[in-house]
Amino acid sequence: MPYELIDIGANLTHDSFDEDRAEMMQRANEAGVSRMIITGSSNQGSLDAVDLAETEPGRLYATAGVHPHHAADFDDSSARLIRELAARDSVVAVGECGLDYFRNFSPRQAQLAAFQSQLEIAAETAMPVFLHQRDAHDDFVDVLEPMLPRITRAVAHCFTGEHESLREYLAMGLWIGITGWICDERRGAGVKALVPRIPLDRLMLETDGPYLLPRNIQPKPSHRRNEPRYLRAVFDSICEVRSEEPGEIAATTSANALLFFNLPDLQDSGSHQPETT
Ligand SMILES: [Zn+2]
């Protein structure tokens with residue numbers, strides 16, 4: 001059996017999976033990706049994520065939140081919905097929420113308000129929070145930092161390799177999510193250089209599928225769609241630059257995900273052990 005890994009960020013409700021979702025899940029399982037956390041990123045997206053997660057309890061979980069791209073749509077009904085969904089067993093975090101000034105699909109004021117509001121919900125519901133930040137570091141820290149004493153746990157998902165961000169994230173006690181960004185020879189150089197500096201007990205793995213197909217997959221897929229089975233490519237790239245043994249990296253990053261999202265222990269004992277030592 002391959003090492004057991006947990007994909008903490010997969011957009012499995014994306015329509016690119018509509019044709020073969022069951023097969024995609026099966027491939028994930030065969031690759032040792034035993035559990036997946038489906039990212040909720042809009043009102044409807046969060047509802048869909050929860051619906052999908054509830055088809056396979058114990059294997060699939062969901063987050064409920066509004067991505068900064070959709071912040072312009074965030075209103076009182078969104079806040080109510082996230083609070084309601086947060087009470088479900090399948091929902092394990094608030095988010096994805098945060099700030100994205102790279103694309104600015106929603107006005108900054110709307111992004112700031114939606115972010116603040118979702119942090120408030122995470123604090124009230126004692127849920128961990130799944131964070132997105134792009135080109136908005138200073139405002140992100142300004143909004144997040146005063147809230148942290150009331151937030152149980154927070155992960156900066158899809159870390160893309162800015163040294164200053166990492167330093168501050170770790171100082172603030174955040175967990176760090178690493179995606180296939182690290183697999184990109186050019187774009188991923190920054191992440192590769194910084195991953196060894198992340199304490200292993202703060203590190204988690206994610207594909208962000210169907211986005212960010214790892215560029216080091218051999219043979220190269222004929223499509224651009226990423227899916228949870230390719231979490232192994234992210235894992236391998238992390239192993240290349242860390243000093244610990246792969247078995248320890250797999251076991252610790254999976255344990256981190258269990259702890260972070262408060263998931264029940266892996267049921268089938270031994271399946272996370274490598275076949276040979
Ligand atoms: Zn994101």
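Above this text sits the structure in question.
Owing to the predicted nature of the structure, the values given are computational and were not obtained by experimental measurement.

Draft legend 1. Local environment of the layout of surface pockets. In this structure, the largest pocket spans a volume of roughly 680 Å³. Around the largest pocket, the lining comprises 26 residues; the ones closest to its centre are His67, His69, His132, Asp208 and Tyr211. Mapped by element, the contributors of at least two residues to the lining of the largest pocket are helix 2 (43-53), strand 4 (91-100) and strand 5 (129-134). It is strand 5 that provides the largest number of residues to the lining of the largest pocket, a total of three residues. Split by residue class, the lining of the largest pocket holds four nonpolar, 14 polar and eight charged.

Draft legend 2. Structural context of the sheet that holds strand 3 (residues 60-64). Ordered in space as 1-2-3-4-5-6-7-8, the eight strands form an open sheet in which the pairing is parallel. Of all strands in the sheet, those with a lone pairing partner are strand 1 (5-10) and strand 8 (203-205), marking the two edges. Looking at each pair of strands side by side, their axes are set apart by 30° on average, direction ignored. Both strand 7 (residues 175-178) and strand 8 contribute to a ladder of three bridges, which runs parallel. Bridging from a neighbouring strand, glycine 177 pairs with methionine 204 of strand 8. In the packing of helix 6 (residues 163-171) onto the sheet, contacts are made with strand 5, strand 6 (154-156) and strand 7, and the angle to strand 7 comes to roughly 135°. With respect to the sheet, helix 8 (residues 231-241) is in contact with strand 1, strand 2 (33-38), strand 7 and strand 8, its orientation differing from that of strand 1 by roughly 110°.

Draft legend 3. Focus on the coordination of the zinc ion. The zinc ion binds to the protein through Glu96 (OE), His132 (ND1) and His157 (NE2), with metal-donor distances spanning 1.9 to 2.1 Å. Summarised as a motif, the one-chain spacing of the donors to the zinc ion is E-x35-H-x24-H. Taken together, the residues glutamate 96 in strand 4 and histidine 157 in the loop between strand 6 and helix 6 connect sequence positions 61 residues apart. A single burial state applies to glutamate 96 and to histidine 157, both of which are buried.

Draft legend 4. Summary view of the environment of serine 254. Relative to the helices and strands, serine 254 resides in helix 9 (residues 246-261). Among the residues examined, serine 254 registers a relative accessible area of 5% and is labelled buried. Residue contacts for serine 254: discarding those within four places in its chain leaves Glu4, Leu5 and Ile6.

Draft legend 5. Structural view of empty space enclosed by the protein. Overall, the coordinates contain one cavity of 30 Å³ or more when judged by the stated rule. The calculated volume of the largest cavity comes to roughly 60 Å³. If you trace the largest cavity, you find it lined by Leu131, His132, Gln133, Ala156, His157, Cys158, Phe159, Thr160, Glu162 and Tyr169. Here the residues of the lining of the largest cavity sort into five nonpolar, four polar and one charged.

Draft legend 6. Broad picture of the pairing of strand 5. Among the six residues in strand 5, five count as buried, and that is most of the element. Where strand 4 and strand 5 come together, six bridges link them in parallel fashion. Among the inter-strand pairings, leucine 99 is bridged to a residue of strand 5, identified as glutamine 133. Between the parallel elements strand 4 and strand 5, the chain passes through helix 4 (residues 108-125) in a crossover that is right-handed. Across three bridges, the pairing between strand 5 and strand 6 is parallel. Looking at the pairing, phenylalanine 130 lines up with valine 155 of strand 6.

Cut-offs used in this document
- Residues numbered from 1 in each chain as written.
- Predicted model: local features only at pLDDT ≥ 70, side-chain atom pairs only at ≥ 80, totals over all residues.
- Heavy atoms only, no water.
- 1 Å grid on protein atoms, 1.4 Å probe; cavity = no way out; pocket = protein on both sides within 12 Å on 5 of 7 lines; lining within 4 Å.
- Points joined across faces, edges and corners; volume = space filled by probe spheres on them.
- Helix = DSSP H or I, 4+ residues; strand = E, 2+ residues; numbered from the N terminus.
- Nonpolar A, V, L, I, M, F, W, Y, C, P; charged D, E, K, R; others polar.
- Pairing = 2+ DSSP bridges.
- Axes fitted to C-alpha atoms, helices over the stretch in contact; angles between N-to-C directions.
- Contact = heavy atoms within 4.5 Å.
- Donors = N, O, S within 2.8 Å, 3.2 Å for Na, K, Ca; no water.
- Buried < 20%, exposed > 50% of the residue type's maximum accessible area, 1.4 Å probe, protein only.
- Right-handed = clockwise from strand over helix to strand, strands pointing away.

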